[in-house]
Amino acid sequence: MTNTGLYISPVTLLDWDNDKPPSQQEIRMARKRWVAELDLSGNSTISINGQEFGKQEIITTFDRLQKDEHLAYHLAVDNDGVMRHFLETGEFTKGQQFVALREYEDEAFIQWITPYVVPAFQKLLAKSFATGTAVHVAALCKQMFPPASIEAEAWQPACDYLRKATAFMEYFVESSFQEDRFQQMQKIISLGTMQLLCLKPVHLFSQDIDEYCRLLHKLSRELHKEKPEESVALLHNGSNLPMNDLLCNIFRMQIDFYHRYYGQTACPRQEEDENIPFAWYDPAPATVNKPLYHLRLEPAVTPVAEKKNIINILIVIIIALIAIILHLALTD
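Residues numbered from 1 in each chain as written. Predicted model: local features only at pLDDT ≥ 70, side-chain atom pairs only at ≥ 80, totals over all residues. Heavy atoms only, no water.

K.L.:
Kindly report on the overall build of the protein, identifying the contributing residues and their values.
P.N.:
Scanning the protein for helices and strands turns up 15 helices and 4 strands. Counting only contacts in the protein whose residues sit at least 6 apart along the sequence, the fraction spanning at least 24 positions is 71%. Per element, the accessible surface of the protein, about 18,100 Å² overall, is 55% carbon and sulfur. (Helix = DSSP H or I, 4+ residues; strand = E, 2+ residues; numbered from the N terminus. Contact = heavy atoms within 4.5 Å. Areas by Shrake-Rupley, 256 points an atom, 1.4 Å probe, with all protein chains shown as cover.)

K.L.:
Please set out the packing of helix α4 (residues 71-78) against helix α6 (residues 107-131) residue by residue, giving values where relevant.
P.N.:
Where α4 contacts α6, the two axes come as close as 11 Å, and the packing angle between them is 75°. When the axis of α4 is compared with that of α6, the two are roughly perpendicular. Contact with α4, carried on its side by Tyr73, His74, Ala76 and Val77, involves Ala108, Phe109, Trp112, Ile113 and Tyr116 of α6 and no other residues of that element. (Axes fitted to C-alpha atoms, helices over the stretch in contact; angles between N-to-C directions. Parallel < 35°, antiparallel > 145°, perpendicular 65-115°, else oblique.)

K.L.:
Let's hear about a nonpolar patch on the surface: which residues, and what values?
P.N.:
The grouping of Ile310, Ile313, Leu314, Ile317, Ile318, Leu321, Ile322, Ile324, Leu326 and Leu328 at the surface amounts to a nonpolar patch, some 940 Å² of accessible area in total. With respect to the helices and strands, leucine 321 occurs in helix α15 (residues 303-331). (Patch = residues over 30% accessible without salt bridge, like charges linked within 9 Å, V, L, I, M, F, W, Y side chains within 5 Å. Salt bridge = Lys/Arg side-chain N within 4 Å of Asp/Glu carboxyl O.)

K.L.:
Run through helix α9 (residues 156-173), naming residues and quoting values.
P.N.:
When the terminal C-alpha atoms of α9 are compared, their 26 Å separation across 18 residues agrees well with the 26 Å that a helix rising 1.5 Å per residue should span. The inward-facing, buried residues of α9 contact α6, α8 (151-154), α10 (179-184), α11 (191-199) and α12 (206-223). (Expected span 1.5 Å × (residues − 1).)

K.L.:
Explain the nonpolar core residue by residue, including any values.
P.N.:
In this structure, Phe86, Leu87, Trp155, Ile189, Tyr212, Leu216 and Leu241 are the most contacted members of the largest nonpolar core, which totals 70 residues. The biggest single contributor to this core is α6, with 11 residues. Not counting chain neighbours up to four residues away, the residues in contact with tyrosine 212 comprise Leu162, Thr166, Met169, Ile188, Ile189, Thr193, Met194, Leu197 and Leu241. Ranked by size, the runner-up nonpolar core spans 15 residues in total, among them Leu13, Ile27, Val35 and Phe62. (Core = buried A, V, L, I, M, F, W, Y, C linked by side-chain atoms within 4.5 Å. Buried < 20%, exposed > 50% of the residue type's maximum accessible area, 1.4 Å probe, protein only.)

K.L.:
So, the packing of aromatic side chains: which residues are in play, and what are the values?
P.N.:
Scanning the entire structure with this criterion turns up 12 aromatic pairs. On the basis of an interplanar angle of 70° and a centroid distance of 5.0 Å, the ring pair of tyrosine 7 and tyrosine 116 is categorised as edge-to-face. Here tyrosine 116 lies in helix α6 and tyrosine 7 lies in the segment before α1 (10-14), a separation of 109 residues in the sequence. Overall, the relative accessible area of 13% leaves tyrosine 116 in the buried class. Consider the rings of phenylalanine 92 and phenylalanine 98, whose centres lie 5.4 Å apart with planes at 40°: the pair is tilted. Accessibility assignment for this pair places phenylalanine 92 and phenylalanine 98 in one class, buried. An aromatic cluster is built from Tyr7, Tyr73, Tyr104, Phe109, Trp112 and Tyr116, whose rings are joined through pairwise contacts. (Phe/Tyr/Trp six-rings, centres within 6.5 Å; stacked < 30°, edge-to-face > 60°.)

K.L.:
Outline the pattern of salt bridges, supporting the account with residue identities and numerical values.
P.N.:
Applying the stated criterion across every chain, the model contains 9 salt bridges. Taking the shortest distance from any N to any O, the salt bridge between lysine 218 and glutamate 174 comes out at 3.0 Å. Of the two residues, lysine 218 is situated in helix α12 and glutamate 174 in the loop between α9 and α10; the sequence distance between them amounts to 44 residues. With relative accessibility at 52%, the residue glutamate 174 sits in the exposed group. Glutamate 211 is the salt-bridge partner of arginine 214, the closest N and O atoms lying 2.8 Å from each other. Taken as a pair, arginine 214 and glutamate 211 lie in helix α12 at a separation of 3 residues, close to a single helical turn. Relative accessible area serves as the criterion here: at 33%, arginine 214 is assigned to the partly exposed category. Members of the salt-bridge network, linked through shared partners, are Asp78, Arg84 and Glu88.

In structure tokens form, the structure reads like this:
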């Protein structure tokens, strides 16, 4: 409804405080007032609720408002401060709660509000990927999830981020290790980023996820010489991503190898909220909560110690066989 694509309430545009929808006359008068204010300002744009509007954008916005057959729905949005703030700014914080309005169960209302939800959701998602933080999107998804008809559009920022991320990861693994480049990649391979990817519907962008996982595994192997702890943590966290069966088996085999080498000791990750389910989003079955772990690199059995254990076992077996042979010989 604005040049940014984000919602702006008619309550703001019309200075509207009635309990009934505005008349066409009131909408026309409000449009004239905003155009006049813009002309008097001498600027090319005017700020309305923190967003910049030019003359044509003001006219287009009010024309849409005049054609809106569901002006009463705007009142419902205004009665939910959290919803209105989310739609107008694309901001949502863990702990916020939408009001339980009856309109939220109305199919017609859901269809009406969906075009406003999409840009707000996209803005929150893009910001979360930029910061590598999943807590706010996870909190939002517990209360609202884009309908199947527009979920691909809503999650497009995830696809865009994945393609940029995999391009940088490919460049990193093909180059010699450099600390500054590794630091630049921290958000790309962070636990928060992986949790964001796990929140999306499983069937979306599956090939991009597979490519991300393939490079994640390759990156883990490249890092193991320089940063073994980060390498194993990366592999362990990445194994929760919804990858294809072949990659899933590769991750499991690599993790099994590290478990044999370093032992089964593990400690919880503390860098993200542990209440976020590290699970694949699937609207049909219930989601499966998976723990967030990373391995503590304290080898339970070193390769040398493991060889000694094998030699000792062989010695015991040989002694036992000799004892059995001697026993049989004496009894004969």
